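What follows is the residue order along each chain.
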Amino acid sequence: MAGKSLAAARVVLCLALVMLVSSVAMGQGNDTKIGYQMPPEEIASLIDAPWTPSVYVSPYRDWMLLASWPGLPPMAEVAQPELRLAGLRINPRTNGPSRGWNASGLTFKRMSDGEEFAVTGLPEEPRITNITWAPDGEQVAFALTTDDHIELWVTDTKSRVARRVSDLHLNAIYGSPFEWVSDNTSLLVRSIPTDRGDPPPDQLVPDGPVIQQNLGRVAPARTYQDLLENAHDEALFEYYATSQIVRVTLDGKVSKLGAPGIHAYVGPSPDGKFILVETIHRPFSYTVPASRFPLRSVIWDMKGNDVYEVADLPLAEEIPIAFGSVREGRRSIAWRADADATVYWVEAQDGGNAGIEADARDRVFMLEAPFTGEPTTLFTLADVRYSGVTWGDDDLAFVSGWWWSNRNVKVWRVWPGKPDKEAVVVQDRSFEDRYSDPGTPVTSYTRQGTRVMMTADDGRTIFLSGEGASPEGNRPFLDAYNLETKETERLFRSEAPYYEDVVTLIDAEKRLLMTRRESVTEPPNYFVRDLINDELTKKTDFPHPTPELADVQKELIRYERADGVQLTATLYTPPGYDAEKDGPLPMLMWAYPQEYKSADAAGQVTDSPYRFIRVAWYSPLLWLVRGYAVLDDPSMPIIGEGDEEPNDTYVEQLVSSAQAAADEVVRRGVADPDRLAIGGHSYGAFMTANLLAHSDIYRAGIARSGAYNRTLTPFGFQSEERNFWEAPEVYFTMSPFMQADQINEPILLIHGEADNNSGTYPLQSERFFGALKGLGATARLVMLPHESHGYRARESVMHVMWEMSEWLDQYVKEAAPMSLKSNEVAPAATN
């Protein structure tokens with residue numbers, strides 16, 4: 001009873017605080033109203049630097065398609081109308097996603113001689129998405145967005161001319177609106193029904209109240225956003241999500257297939273004779289997103305007739321919040337990549353509840369065409385949750401699974417053509433232990449456009465590639481793995497001073513490898529590496545996008561926390577800087593905490609000292625050109641070994657990690673202890689506020705798009721599985737909102753007004769600022785119109801950089817000297 005009374009008291013206190021802060025904030029109104037500002041020119045020029053093209057390698061690795069990008073979009077584009085329905089964000093003008101990135105040009109590059117061919121026939125300032133090679137490696141399809149609809153276009157390696165396939169308008173709110181059929185002459189397309197009419201009109205006068213009820217069911221849910229709220233939302237969702245599946249040939253012939261519906265997925269079988277269609281249907285929900293709505297999965301023939309119903313799953317509002325819990329019934333339904341037309345799926349054997357004991361967790365089934373027999377059991381996962389299958393052939397597939405509580409990952413080799421044969425464990429380790437990761441199988445395209453494991457030596461050898469985490473930093477590798485002897489041969493490993501990762505294996509027998517190589521001063525470019533003759537041939541020549549940063553100094557540093565945990569960070573200093581001659585600099589630290597069950601895993605190196613210094617708009621490295629040193633991604637591990645939960649000592653460990661980082665950069669003479677700033681985005685913003693509340697290490701903080709009151713995410717957050725009522729002290733102590741009276745350093749809060757990330761409601765920053773303002777703290781709140789969890793419009797990004805630059809200069813760089821205070825952990829606020 002005492003525990004329940006304490007929890008109840010906490011809830012009452014939290015509600016009272018929220019109401020008090022709300023009244024304070026609303027009563028005082030806005031402090032400032034200014035237009036969009038520009039940061040210093042040296043920062044603005046880095047943000048506007050040209051983007052490196054994206055590379056799409058053809059299925060047969062003989063062509064590259066280079067997609068160029070226009071940079072940040074203007075606010076006029078970001079501010080277009082947007083519907084937020086059932087977890088989706090829809091542009092009602094185009095019937096596509098309201099947020100995304102569009103390529104602005106395409107260029108073919110022939111691998112044999114490097115000759116480039118610009119794709120012609122595109123409209124001016126095209127907005128290109130969903131770039132997809134055909135299985136034959138000669139044609140490319142893509143979506144092209146206009147002001148009021150989305151079209152299907154194609155081009156090819158011979159003509160290099162882009163053309164519109166038909167006058168269909170695509171429905172693109174559920175991923176790519178088209179899929180190639182393996183005949184290379186047609187595509188399955190989700191189009192807008194030609195007869196759907198006008199959207200449901202706004203209902204200004206309601207028919208009655210909106211009512212939800214629960215009759216004793218246990219139905220916890222994480223903090224989702226953009227949910228349906230009323231019958232009008234339901235009608236809008238149904239209107240914009242409904243599509244008509246059609247088959248479109250490259251000469252423009254259109255054939256309707258089946259009835260219109262909310263088709264969330266459409267996938268042709270590898271042999272092109274069947275279609276797997278997943279369709280959402282009513283009843284909808286106001287508490288979970290569309291991904292949990294009722295879902296019917298059915299196999300059609302190529303005329304749109306039902307052949308086999310795989311599943312019809314009910315509304316899933318009651319999935320437990322224990323990590324690894326899933327919905328009941330057949331899920332993860334897909335085609336076998338190595339077979340003509342075999343569907344496979346997974347079924348939970350524990351009711352989908354990861355929080356209970358069970359003899360088995362998941363079972364994988366298969367059923368081949370014509371789908372009239374009984375499903376075959378491929379494999380049963382006893383103690384881990386299914387995570388995927390990598391297919392090879394009837395004698396080779398890898399089934400993988402994971403389990404959260406012990407951080408375990410397992411991989412088995414199975415024989416799909418002999419499902420009764422005993423599976424062989426090929427991997428059993430902690431997924432936190434990056435050093436032990438043996439890599440993932442290299443795959444290649446089949447003639448039907450699917451991807452299967454690449455083999456050699458008559459199927460006895462597969463190839464594994466990975467990031468190659470090591471105490472020296474990440475060193476990507478390629479291994480040959482003998483399936484019979486289980487012996488591994490190292491074929492390639494990235495060598496200093498380069499970071500070189502594996503893109504694909506061009507020819508397994510000839511050991512020809514495509515890699516993407518970079519160094520601190522050389523931008524990423526693509527190479528072909530001949531492993532037999534030890535030859536390296538450069539295939540692209542992308543220039544340095546920001547030559548003004550070419551001489552920035554970068555170092556991967558190691559240091560130790562007070563409890564002995566090993567920590568790392570990447571230290572950057574401005575070009576030409578010398579600590580002995582120039583003395584300590586103001587420093588910006590930018591971090592993101594990570595939970596672990598192992599102190600050894602927490603101390604592993606997670607980066608490479610040889611990665612190229614690429615400065616995106618969100619990077620703290622922008623402040624190198626303003627005379628700051630930058631400590632990027634200093635380790636902030638939160639560890640809970642054995643039965644301990646990491647967050648039980650979150651504050652103590654966080655402050656200890658931050659103190660260790662500060663001590664190290666001060667010891668090196670790089671950073672001025674009186675001029676340290678801390679910043680972060682999302683969970684890094686949460687970290688920033690906690691460090692200001694519980695320590696005096698920093699002069700100021702910058703918190704972007706964070707959550708600060710964990711009672712507003714009562715059914716878990718980040719890696720916390722327990723709900724608020726199970727661990728009220730943890731939720732309370734970890735919430736900077738509850739410790740706002742202890743924040744005595746300036747804090748800049750930035751948040752997108754349209755943030756849709758789970759838990760980081762804009763309300764979080766508004767209420768936190770209200771508390772700080774009511775308590776007399778030095779704080780500033782910047783709310784960005786039309787921006788979500790990450791920011792997109794050039795005007796928004798430039799303004800954010802201006803805000804940060806002004807804040808750092810005023811409260812850190814130009815701050816008056818002060819003696820470094822004692823950094824004991826401040827006690828949490830009490831009742």
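It should be emphasised that the depicted structure is a prediction, and the values quoted were computed from it without experimental measurement. (Residues numbered from 1 in each chain as written. Predicted model: local features only at pLDDT ≥ 70, side-chain atom pairs only at ≥ 80, totals over all residues. Heavy atoms only, no water.)

S.K.: I'm lost on the overall build of the protein chain in this one. Help?
M.R.: Counting its secondary structure elements, the protein chain contains eleven helices and 47 strands. Relative to its length of 831 residues, the protein chain is compact, with a C-alpha radius of gyration of 28 Å against a globular reference of 28 Å. Taking the principal axes of the C-alpha coordinates as reference, the protein chain spans close to 75 × 75 × 60 Å. If you take every contact in the protein chain between residues at least 6 apart in sequence, the share linking residues at least 24 apart comes to 60%. Summed over its atoms, the accessible surface of the protein chain is roughly 34800 Å², and 48% of this surface lies on carbon and sulfur atoms. Charged side chains in the protein chain number 77 positive and 118 negative. The centres of these two groups are separated by 2 Å. (Helix = DSSP H or I, 4+ residues; strand = E, 2+ residues; numbered from the N terminus. Rg over C-alpha atoms; globule rule 2.2 N^0.38 Å. Contact = heavy atoms within 4.5 Å. Areas by Shrake-Rupley, 256 points an atom, 1.4 Å probe, with all protein chains shown as cover. Lys, Arg positive; Asp, Glu negative; His and termini not counted. Charge placed at Lys NZ, Arg CZ, Asp CG, Glu CD.)

S.K.: Would you mind showing me how to read the pairing of strand 34 (residues 499-507) here?
M.R.: Relative to strand 35 (residues 512-518), strand 34 runs antiparallel, the two being bridged by seven bridges. Each bridged residue has a counterpart across the sheet, and for E500 the counterpart in strand 35 is R517. In this antiparallel pair of consecutive strands, strand 34 and strand 35, the connection spans four residues, and R511 shows a positive phi of 55°. (Pairing = 2+ DSSP bridges.)

S.K.: I keep staring at the pattern of salt bridges and nothing clicks. Help me out?
M.R.: For side chains of opposite charge, pairing can occur when their charged atoms come near one another. Inspection of the entire model under this criterion finds 44 salt bridges. Among the salt bridges present, the one from D147 reaches R127, with a minimum N-O distance of 3.1 Å. With a gap of 20 residues between them, D147 in the loop between strand 9 (139-145) and strand 10 (150-156) and R127 in the loop between strand 7 (116-118) and strand 8 (128-133) connect regions that are remote in the sequence. The class for R127 is buried, based on a relative accessible area of 18%. Between D672 and R675 there is a salt bridge, and its shortest N-O distance comes to 2.9 Å. The exposure class of D672 is buried, given its relative accessible area of 17%. A relative accessible area of 18% means that R675 is categorised as buried. The network of salt bridges with shared partners includes R331, D350, R361, D362 and R385. (Salt bridge = Lys/Arg side-chain N within 4 Å of Asp/Glu carboxyl O. Buried < 20%, exposed > 50% of the residue type's maximum accessible area, 1.4 Å probe, protein only.)

S.K.: What exactly am I supposed to notice about the sheet that holds strand 26 (residues 424-430) here?
M.R.: With antiparallel pairing, four strands are arranged side by side in an open sheet as 23-24-25-26. Looking at strand neighbours, the two that pair on one side only are strand 23 (385-393) and strand 26, the edges of this open sheet. Averaged over neighbouring strand pairs, the angle between their axes works out to 15° when direction is ignored. Alignment of strand 24 (residues 396-403) against strand 25 (residues 408-414), held across seven bridges, turns out to be antiparallel. Residue pairing for strand 25: S400 is matched across the bridge by V411. (Axes fitted to C-alpha atoms, helices over the stretch in contact; angles between N-to-C directions.)

S.K.: Quick question: what am I supposed to make of the nonpolar core here?
M.R.: Side chains that are nonpolar tend, in soluble globular proteins, to be buried together. The biggest cluster of nonpolar side chains holds 61 residues, and the ones touching the most others in it are M587, M589, L631, Y650, Y698 and F768. When residues in this core are grouped by element, the largest group, nine residues, is from helix 7 (residues 650-667). Excluding anything up to four places from it in sequence, Y650 contacts P593, I638, Y683, F686, M687, N690 and M734. Membership of the second largest hydrophobic core comes to 36 residues, among which are I47, A700, L784 and M798. (Core = buried A, V, L, I, M, F, W, Y, C linked by side-chain atoms within 4.5 Å.)

S.K.: Just to check I follow, could you spell out the packing of aromatic side chains for this structure?
M.R.: Inspection of every chain in the model, using the stated rule, returns 29 aromatic pairs. Taken together, a centroid distance of 6.0 Å and an interplanar angle of 55° make the contact between Y592 and Y683 tilted. Pair noted here: Y592 is in the loop between strand 40 (585-590) and strand 41 (594-596) and Y683 is in helix 8 (residues 683-694), with a separation of 91 residues, a long-range link. Classification of Y592 as partly exposed rests on a relative accessible area of 35%. Residue class for Y683 comes out buried when judged on its relative accessible area of 1%. Three or more aromatic residues link up through ring pairs in this structure, and these residues are Y592, Y650, Y683, F686, F715, F717, F724, W725 and Y731. Here the basic side chain of R611 rests over the ring of Y499, its NZ or CZ set 4.0 Å away from the ring centre. (Phe/Tyr/Trp six-rings, centres within 6.5 Å; stacked < 30°, edge-to-face > 60°. Lys NZ or Arg CZ within 6 Å of the ring centre and 35° of its normal.)

S.K.: Hey, could you run me through the pairing of strand 19 (residues 330-335) in this one?
M.R.: Residues in a regular strand project their side chains so that they alternate between the two faces of the sheet. The sheet contact formed by strand 19 and strand 20 (residues 342-348) spans four bridges and is antiparallel. Directly across from R330, in strand 20, lies its bridge partner E347. Connecting strand 19 to the antiparallel partner strand 20 that follows it, the hairpin turn spans six residues.

S.K.: Would you mind showing me how to read the sheet that holds strand 20 here?
M.R.: Either a parallel or an antiparallel arrangement is found when strands of a sheet pair, and the pairing is made through backbone hydrogen bonds. Pairing in this open sheet of four strands is antiparallel, and the strands run 19-20-21-22 from one edge to the other. Edge positions in the sheet fall to strand 19 and strand 22 (376-381), since each has one partner strand and no second. Strand-to-strand, the axes of this sheet are offset by a mean angle of 20°, without reference to chain direction. Sheet topology places strand 21 (residues 362-368) next to strand 22; five bridges connect them, and they run antiparallel. Paired with D362 across the bridge in strand 22 is L381.

S.K.: Help me understand the packing of helix 7 against helix 8, please; the structure alone is not making it clear to me.
M.R.: The geometry of a pair of packed helices is captured by two quantities: the angle between their axes and the separation between those axes. Direction vectors running N to C along helix 7 and helix 8 enclose 85°, while the axes themselves pass 10 Å from each other. Relative to helix 8, the element helix 7 is oriented roughly perpendicular. For the pair helix 7 and helix 8, the contacting residues are Y650, V651, L654, V655 and A658 in the first and Y683, F686, M687, N690, L691 and H694 in the second. Looking at the contact of helix 7 with helix 8 residue by residue, the class counts come to nine nonpolar, two polar and no charged. (Parallel < 35°, antiparallel > 145°, perpendicular 65-115°, else oblique. Nonpolar A, V, L, I, M, F, W, Y, C, P; charged D, E, K, R; others polar.)

S.K.: Sorry, what's going on with the confidence of the model for the protein chain here?
M.R.: Interpretation of the predicted coordinates at a detailed level should be avoided for regions scoring low in pLDDT. Here the protein chain averages 94 in pLDDT, and 94% of its residues register 70 or above. Low pLDDT (under 50) marks residues 1-28, which in the prediction has 33 contacts with non-local residues, meaning those over four places away or in another chain. A low-confidence stretch, residues 820-831 (pLDDT under 50), is modelled with 34 contacts involving residues beyond four sequence positions or located in other chains. (pLDDT = per-residue confidence, 0-100.)

S.K.: Sorry if this is basic, but what is going on with the side chain of T443 here?
M.R.: Its place among the elements puts T443 in strand 28 (residues 443-445). With relative accessibility at 18%, the residue T443 sits in the buried group. Engagement of the side chain of T443 in a polar contact is seen with the side chain of R451, the distance being 2.9 Å. When near neighbours in sequence (up to four residues on either side) are disregarded, T443 contacts T390, R451, V452, M453 and M454. (Polar contact = N/O pair within 3.5 Å; in protein donor to acceptor, adjacent residues only side chain to side chain.)

S.K.: Before we go on, may I ask you to explain the environment of L152 in this structure?
M.R.: Considering the arrangement of structural elements, one finds L152 in strand 10. The exposure class of L152 is buried, given its relative accessible area of 2%. For the pair L152 and R164, spaced twelve residues apart in sequence, the C-alpha separation works out to 6.0 Å.

S.K.: When you look at the environment of A629 in this model, what are you seeing that I'm missing?
M.R.: Looking at the element boundaries, A629 is found in strand 42 (residues 629-632). For the pair formed by A629 and V181, sequence separation is 448 residues and the distance between their alpha carbons is 53 Å. Ignoring sequence-local partners within four residues, the contact set of A629 consists of Y572, T573, L585, P586, M587, L588 and V670.

S.K.: What exactly am I supposed to notice about the side chain of R675 here?
M.R.: Inspection of the secondary structure puts R675 in strand 44 (residues 671-681). Within polar-contact distance, the side chain of R675 engages the backbone oxygen of K813 at 3.1 Å. When near neighbours in sequence (up to four residues on either side) are disregarded, R675 contacts P584, L585, P586, M587, R699, V812 and K813.

S.K.: Honestly, helix 7 in this entry has me stumped. Any pointers?
M.R.: The periodicity of an α-helix, 3.6 residues per turn, causes residues three or four places apart in sequence to face the same way. Helix length check: helix 7 (18 residues) gives 26 Å between terminal C-alpha atoms against 26 Å at 1.5 Å per residue, within 8%. Positive phi appears at G669, one or two residues downstream of helix 7, with a value of about 75°. (Expected span 1.5 Å × (residues − 1).)

S.K.: It is not clear to me how the environment of I462 should be interpreted in this structure. Could you clarify?
M.R.: Among the secondary structure elements, I462 is positioned in strand 31 (residues 461-466). For I462, a relative accessible area of 0% puts it in the buried group. Linking I462 and P497, residues 35 residues apart in sequence, is a C-alpha distance of 29 Å.

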